[in-house]
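Breakdown of the fold
Residue-level listing of the chains:
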Amino acid sequence: MTIDLLPGHGVRLPEPLPELPFGLTETAVRALLAPHDGLLPDGVRNTFVCGTRWALAFQLPGVSVTLCSDDDNRLRSVTLNRNPGDDRPACPVGYLGIDLLGWPAHELVEALRAEGLPVPDPTRGTLRHGPLHLCRHPAPRRPSTPGRKPRHEEPFAFDCVSFHVDTWTTRTEAAETAAPAEPAENTG
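None of the values given here were measured: they were computed from a predicted structure. Residue positions are given per chain, counting from 1 as you read along its sequence in written order. Since the coordinates come from a predicted model, pLDDT governs what is reported: local features require at least 70, and pairs of side-chain atoms require 80 or more to be given and counted, while whole-chain, interface and lining totals use all residues. Based on all heavy atoms of the structure, the side-chain values leave hydrogens and waters out of the count.

Concerning the nonpolar core
Leu 5, Leu 67 and Leu 100 are the most contacted members of the largest nonpolar core, which totals 41 residues. To qualify as a helix, a DSSP run of H or I must reach at least 4 residues; to qualify as a strand, a run of E must reach at least 2; elements of each kind are numbered from the N terminus. A per-element tally of this core places helix H2 (residues 105-114) first, with 4 residues. Setting aside chain neighbours within four positions, we find Leu 5 in contact with Gly 10, Val 11, Leu 80, Val 93, Gly 94, Tyr 95, Leu 100, Leu 132, Val 161 and Phe 163. Side-chain atoms within 4.5 Å link the members of a nonpolar core, which is a set of buried Ala, Val, Leu, Ile, Met, Phe, Trp, Tyr and Cys residues. Type-normalised accessible area, obtained with a 1.4 Å probe on protein chains alone, sets the label of each residue: buried when under 20%, exposed when over 50%, and partly exposed for intermediate values. It only takes one pair of heavy atoms within 4.5 Å for two residues to be counted as in contact.

This is the structure in structure tokens:
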């Protein structure tokens, strides 16, 4: 049961849930998810995300999923957050075969670099690389010595990933993929 982020294409949800290519309308996303209501314990619900025309949210084991639109009312991004309140084992979130959430950040960066990606070192708990944005939710503050900042960031794992269509030149391609052409009439 893995969620796969597909560069330039969209997201593949765990089977039997569908693949959601970038460029889908809200109606198309809802239609693809509707037959699987039994696998989505809280259903698909509207949510608010600033700067979007529409946003939908649902829960998978250990992961909250948010789908957001662009100004043309088309799916443009997917955000996945670890849900520590969920007792079920969390779905891995894969990108190029690498699980992005739950592993130490330095190990994740090494794995992405081993795939040939020129990813930067994480800065203040975040990492941005093209269409991929990883972050961690702020840890509870521990008491520190007044006036002193830590010299190095403590080890951490990312618990949130945002993935969007990487170039708007692929927007048309994504929309064409999402909406199959009407079958030709048989004039036979």
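Let's talk about the packing of aromatic side chains
Pairing of aromatic rings covers Phe, Tyr and Trp, the last through its six-membered ring, and needs centres within 6.5 Å; plane angles under 30 degrees mean stacked, over 60 mean edge-to-face, and all others mean tilted. The tally for this structure, following the rule as stated, stands at 3 aromatic pairs. A ring pair is formed by Phe 22 and Phe 163, whose centres lie 5.9 Å apart and whose planes are at 35°; its orientation type is tilted. On the criterion of sequence distance, the pair formed by Phe 22 in the loop between strand E3 (19-21) and helix H1 (26-33) and Phe 163 in strand E12 (residues 160-164) is long-range, its members being 141 residues apart. Since its relative accessible area comes to 1%, Phe 22 is described here as buried. Given the relative accessible area of 0%, Phe 163 is considered buried. Relative to Phe 158, the ring of Phe 156 has its centre 5.3 Å away and its plane inclined at 85°; by these criteria the two rings are edge-to-face. Just as Phe 156 is buried, Phe 158 falls in that class too. Three or more aromatic residues joined by ring pairs form one cluster here, namely Phe 22, Tyr 95 and Phe 163. Of note, Arg 136 hangs over the ring of Phe 156, and the distance from its end group to the ring centre comes to 4.3 Å. Charge over a ring is defined by NZ of Lys or CZ of Arg lying within 6 Å of the ring centre and within 35 degrees of the ring normal.

Quick look at H2
The complete set of buried residues in H2 reads Ala 105, Leu 108, Val 109 and Leu 112. Here the buried residues of H2 occupy an arc of 100° about the axis, which is enough to place them on one side. In H2, those exposed residues whose orientation departs by more than 90 degrees from the buried face are Glu 110 and Ala 114. Lining the buried residues of H2 we find strand E8 (93-95), strand E9 (98-99), strand E10 (126-129) and strand E11 (132-135). Immediately downstream of H2, the backbone of Gly 116 shows phi near 90°, a positive value. Throughout, the arc means the angular range of directions from the helix axis out to the C-beta atoms.

Structural notes on the pairing of strand E1 (residues 3-6)
As judged from the 3 bridges shared by E1 and E8, these two strands associate in the parallel manner. Looking at the pairing, Ile 3 lines up with Val 93 of E8. Here E1 pairs with strand E2 (residues 10-12) via 3 bridges, running antiparallel. By the bridge assignment, Leu 5 is partnered in E2 with Val 11. Strands pair, by our definition, only if DSSP identifies at least two bridges between them.

Brief notes about the confidence of the model for the protein chain
A low pLDDT means the predicted coordinates there should not be read in detail. How sure the predictor is of each residue is captured by pLDDT, a score from 0 to 100. For the protein chain, per-residue confidence averages 84 on the pLDDT scale, and 79% of positions sit at 70 or higher. Considering only residues more than four positions removed or in separate chains, one finds that residues 168-178, a stretch of pLDDT under 50, has 14 contacts. Scored below 50 in pLDDT, residues 180-188 makes 0 contacts in the model with residues more than four places away or belonging to other chains.

What to know about the sheet that holds E8
If you walk across this open sheet you meet the 5 strands as E3-E2-E1-E8-E9, and the pairing is mixed. Each of the sheet's edge strands pairs with one partner strand only, and the pair in question is E3 and E9.

Regarding the state of the cysteines
Cysteine sulfur atoms that pair up within 2.5 Å are treated as a disulfide. Counted by the stated rule, this structure contains 0 disulfides. Looking at Cys 135, it has no disulfide partner, and the nearest cysteine sulfur is the one in Cys 160, 3.8 Å off.

Focus: the environment of Gly 102
Topologically, Gly 102 is positioned in the loop between E9 and H2. When the C-alpha positions of Gly 102 and Asp 159 are compared, they lie 6.4 Å apart, and in sequence the two are 57 residues distant. Excluding residues within four positions of it along the chain, Gly 102 makes contact with Ala 157 and Phe 158.

A word on the side chain of Asp 159
Within the fold, Asp 159 resides in the loop between E11 and E12. Contact partners of Asp 159, with chain neighbours within four places excluded, come to Leu 80, Asn 81, Arg 82, Leu 101, Cys 135, Arg 136 and His 137.

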